[in-house]
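What the coordinates show
Letter by letter, the chains look like this.
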Amino acid sequence: GRVLATLPQLVLDSATVKVSPSGRYLAGLVPHHEGLGLDVEIHDLAQGKRLATVTGGGVFQPAFAFAADESAVVAASDPSTVHRIELPQGRSRAIATGYAADTEGYGYVVDAIAVSEDGRWVCGHPATSIGKYTDCADVVLADLKPRRPAPSSRMCFVLDGVARLV
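Just so it is clear, the model here is predicted, and its values are computed rather than measured.

Procedures and definitions
Residues numbered from 1 in each chain as written. Predicted model: local features only at pLDDT ≥ 70, side-chain atom pairs only at ≥ 80, totals over all residues. Heavy atoms only, no water. Helix = DSSP H or I, 4+ residues; strand = E, 2+ residues; numbered from the N terminus. Buried < 20%, exposed > 50% of the residue type's maximum accessible area, 1.4 Å probe, protein only. Pairing = 2+ DSSP bridges. Axes fitted to C-alpha atoms, helices over the stretch in contact; angles between N-to-C directions. pLDDT = per-residue confidence, 0-100. Contact = heavy atoms within 4.5 Å. Phe/Tyr/Trp six-rings, centres within 6.5 Å; stacked < 30°, edge-to-face > 60°. Lys NZ or Arg CZ within 6 Å of the ring centre and 35° of its normal.

**What about unusual backbone geometry?**
In this chain, leucine 87 is followed by proline 88 through a cis amide linkage whose omega measures 5°. Relative to the helices and strands, proline 88 resides in the loop between strand E7 (81-86) and strand E8 (92-96). Its identity is not glycine, yet glutamate 70 carries a phi of approximately 60°, on the positive side. Note that glutamate 70 resides in the loop between strand E5 (63-66) and strand E6 (72-76). A residue is classified by how much of its surface remains accessible, and glutamate 70, at 12% relative accessible area, is buried.

**Some words on the sheet that holds strand E4 (residues 49-54)**
One open sheet accounts for four strands, arranged E1-E2-E3-E4; its pairing is antiparallel. Each of the sheet's edge strands pairs with one partner strand only, and the pair in question is strand E1 (17-19) and E4. Averaged over neighbouring strand pairs, the angle between their axes works out to 20° when direction is ignored. Where E1 lies against strand E2 (residues 25-31), three bridges are found, and the strand directions are antiparallel. Residue pairing in the sheet places valine 17 in a bridge with glycine 28 of E2.

**What to know about the pairing of E7**
By the bridge criterion, four bridges tie E6 to E7 in an arrangement that is antiparallel. Its bridge partner lying in E7, valine 74 is registered against arginine 84. Linking E6 back to E7 in an antiparallel pair, the connection comprises four residues. Across five bridges, the pairing between E7 and E8 is antiparallel. Bridge pairing links histidine 83 to alanine 94 in E8. Connecting the antiparallel pair E7 and E8 is a turn made up of five residues, with glycine 90 showing a positive phi of about 85°.

**Section: the sheet that holds E7**
With respect to topology, four strands assemble into an open sheet ordered E5-E6-E7-E8, the strand pairing being antiparallel. Bordering the open sheet on either side are E5 and E8, each of which pairs with just one other strand. Mean inter-strand twist for the sheet, computed between neighbouring axes without regard to direction, equals 20°.

**Focus: the confidence of the model for the protein chain**
One rule of thumb: low pLDDT means the predicted coordinates there are not for detailed reading. Mean pLDDT over the protein chain stands at 77; residues scoring 70 or higher make up 67%. Predicted confidence in the protein chain is weakest over strand E9 (residues 102-103), with a mean pLDDT of 60, and strongest over E6, with 92. Scored below 50 in pLDDT, residues 131-135 shows three contacts in the model against residues more than four places distant or in partner chains.

**Brief notes about the packing of aromatic side chains**
Evaluated as defined, the whole model comprises zero aromatic pairs. Seen from the ring of phenylalanine 64, lysine 18 lies directly overhead, with NZ or CZ sitting 4.8 Å from the centre.

Okay, structure coming up:
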């Protein structure tokens, strides 16, 4: 075959590069253009082009995941905002979650994120930036389709890259 495109200098390991379920899209972390932190870049491999870049915000590594139907990528560095990037358009929308980015001087970072199988809920695991282990539970960060009634429970967990409501 021929080279369709040359991808940027991605930060390569299994946690920082993800391929969509069909293999059409690739999302990965790239160094921020100002040298501090990491951004998420989304590429359409079939077209050989970059669709979008979402600024990670600060020194923390953003978590990101594809929706099962490949309609979007979600990304978050801290629990206060989830970014939804529509595919294949590459349009990005910031969704305020209602959670604080920090509490009493402790910064929080989202270290895992997933979308529910129906594409509605974004579930994440906010963890403190101080220390490796936390007792924080996974929480629903955002409702991507807010016109439908909300579930009675807003607790969830991330299992095999999919958000599951409890």
